[in-house]
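Chains, contacts and geometry: an overview
What follows is the residue order along each chain.
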Amino acid sequence: MSEDENKNKNNEQHRLRKELPDEVASEAADGAGHADGADRADDAETPAAETKKPSLTGRQRLAKGLWPPRVSRAQLIVAVLLFVLGLGLAIQVRSNSDSSALRGARQEDLVRILDELDDRTQRLGDEKQRLEGQRTELENSSDQAEEARKQTVERERQLGILAGTVAAQGPGITLTITDKKGAVQADMLLDAIQELRAAGAEAIQVNDVRVVADTYLTDASGGKVSVDGHKIGEPFVFKVIGKPQDLEPALNIPGGVVQTLEKEQATVTVTQAQKIVVDALRPAKRPDYAQSSSQ
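So, a few notes on the structure that sits alongside this text. Only a predicted model underlies this, so the values are computations on that prediction, with no experimental measurement involved.

**Quick word on the sheet that holds strand β7 (residues 236–241)**
Strand order in the open sheet formed by five strands is β3-β2-β7-β1-β8, and the pairing between neighbours is antiparallel. Two strands bound the open sheet, and with one partner strand each, they are β3 (209–211) and β8 (267–278). Direction aside, neighbouring strands of the sheet carry axes that sit 20 degrees apart on average. Relative to β7, strand β2 (residues 203–206) runs antiparallel, the two sharing four bridges. When the bridges of β7 are listed, Val206 appears paired with Phe238. The sheet strands contacting helix α8 (residues 186–198) are β1 (168–178), β2, β3 and β7, and the helix crosses β7 at an angle near 10 degrees. Contacting β1, β7 and β8, helix α9 (residues 244–251) runs over the sheet at an angle of about 20 degrees to β1.

Rendered as structure tokens:
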């Protein structure tokens, strides 16, 4: 704005102060001052508008929002929960895949496996009732010392059978494995022993060797197997005392002992009998350090 224009504005304001009342003149002067200030502000903003930076594109704004990453506490907790959920799902899928052998089994095989599980449950229930009966007899017997002695003798006989120090007889099965090609190995015989124990076998004898809790099997030369240091060869004959209706199905489950041995072209024969004699004995061992803790 030029110097002459400023002078004219001042003169105009002075004239208004004289002609108009003081209040109106003051308002007019204020309006003129505001207008003059706005003009000066416009003059000052004009260079800034000319030097304004160019606006960011959509891709640049997106990149600026994503990097650097900003992770809140809530987002971190959600990530941990999702990881745990994924791990659980993976474990579940793996456990389901392990049961693929049973999934492809026939209906008759599944029924037999279910019956075997029911029989095991029944055996455990019977054992529980027997122990509860013994406790009741001890509590109610008039001569508790004599009753305790009888139970001690019976318990000693049972432990002798389990330890292999006394002979045993009872119903069971005879498992005969014929292997002309020498393909049967120690781990296959061990699987048979473990399966028979799980089915309720109470006494096991392989050829002339008594199987006990600490029995071990290793492969030997000439297609033989060493059982507790004693070499035995085919045919491998298992004498097993237990419930025949539980022992035989346990060996014939899909993917079980019989199928594994037959894949190695071995001949497997299972025969049930009401009287099986297990007469191979193990020497009684006296512990060197362990002592009874009963008072």
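**Here's the deal with the nonpolar core**
Ranked by size, the top nonpolar core spans 32 residues in total, and within it Ile177, Leu196, Ile204 and Phe238 carry the most contacts. For Ile177, the residues in contact, after removing those within four places along its chain, are Val184, Leu189, Glu234, Pro235, Phe236, Phe238, Leu261, Ala266 and Thr267. Residues Ile161, Ala168, Ala203 and Val278 belong to the second largest nonpolar core, which totals six residues.

**Here's the deal with the pattern of salt bridges**
Scanning the model with the defined rule gives six salt bridges in all. Glu154 is the partner of Arg157 in a salt bridge, and the nearest nitrogen-oxygen pair spans 2.7 Å. On the criterion of helical spacing, the pair formed by Arg157 and Glu154 is a turn pair, its members being three residues apart in helix α7 (residues 144–163). A salt bridge links Arg282 to Asp228, with the shortest nitrogen-to-oxygen separation between them at 2.7 Å. With a gap of 54 residues between them, Arg282 in the segment after β8 and Asp228 in the loop between β5 (225–227) and β6 (230–232) connect regions that are remote in the sequence. Of the two residues, Arg282 and Asp228, both sit in the buried class.

About the criteria used
Residues numbered from 1 in each chain as written. Predicted model: local features only at pLDDT ≥ 70, side-chain atom pairs only at ≥ 80, totals over all residues. Heavy atoms only, no water. Pairing = 2+ DSSP bridges. Helix = DSSP H or I, 4+ residues; strand = E, 2+ residues; numbered from the N terminus. Axes fitted to C-alpha atoms, helices over the stretch in contact; angles between N-to-C directions. Contact = heavy atoms within 4.5 Å. Core = buried A, V, L, I, M, F, W, Y, C linked by side-chain atoms within 4.5 Å. Buried < 20%, exposed > 50% of the residue type's maximum accessible area, 1.4 Å probe, protein only. Salt bridge = Lys/Arg side-chain N within 4 Å of Asp/Glu carboxyl O.

Nothing here speaks to function; it is geometry throughout.
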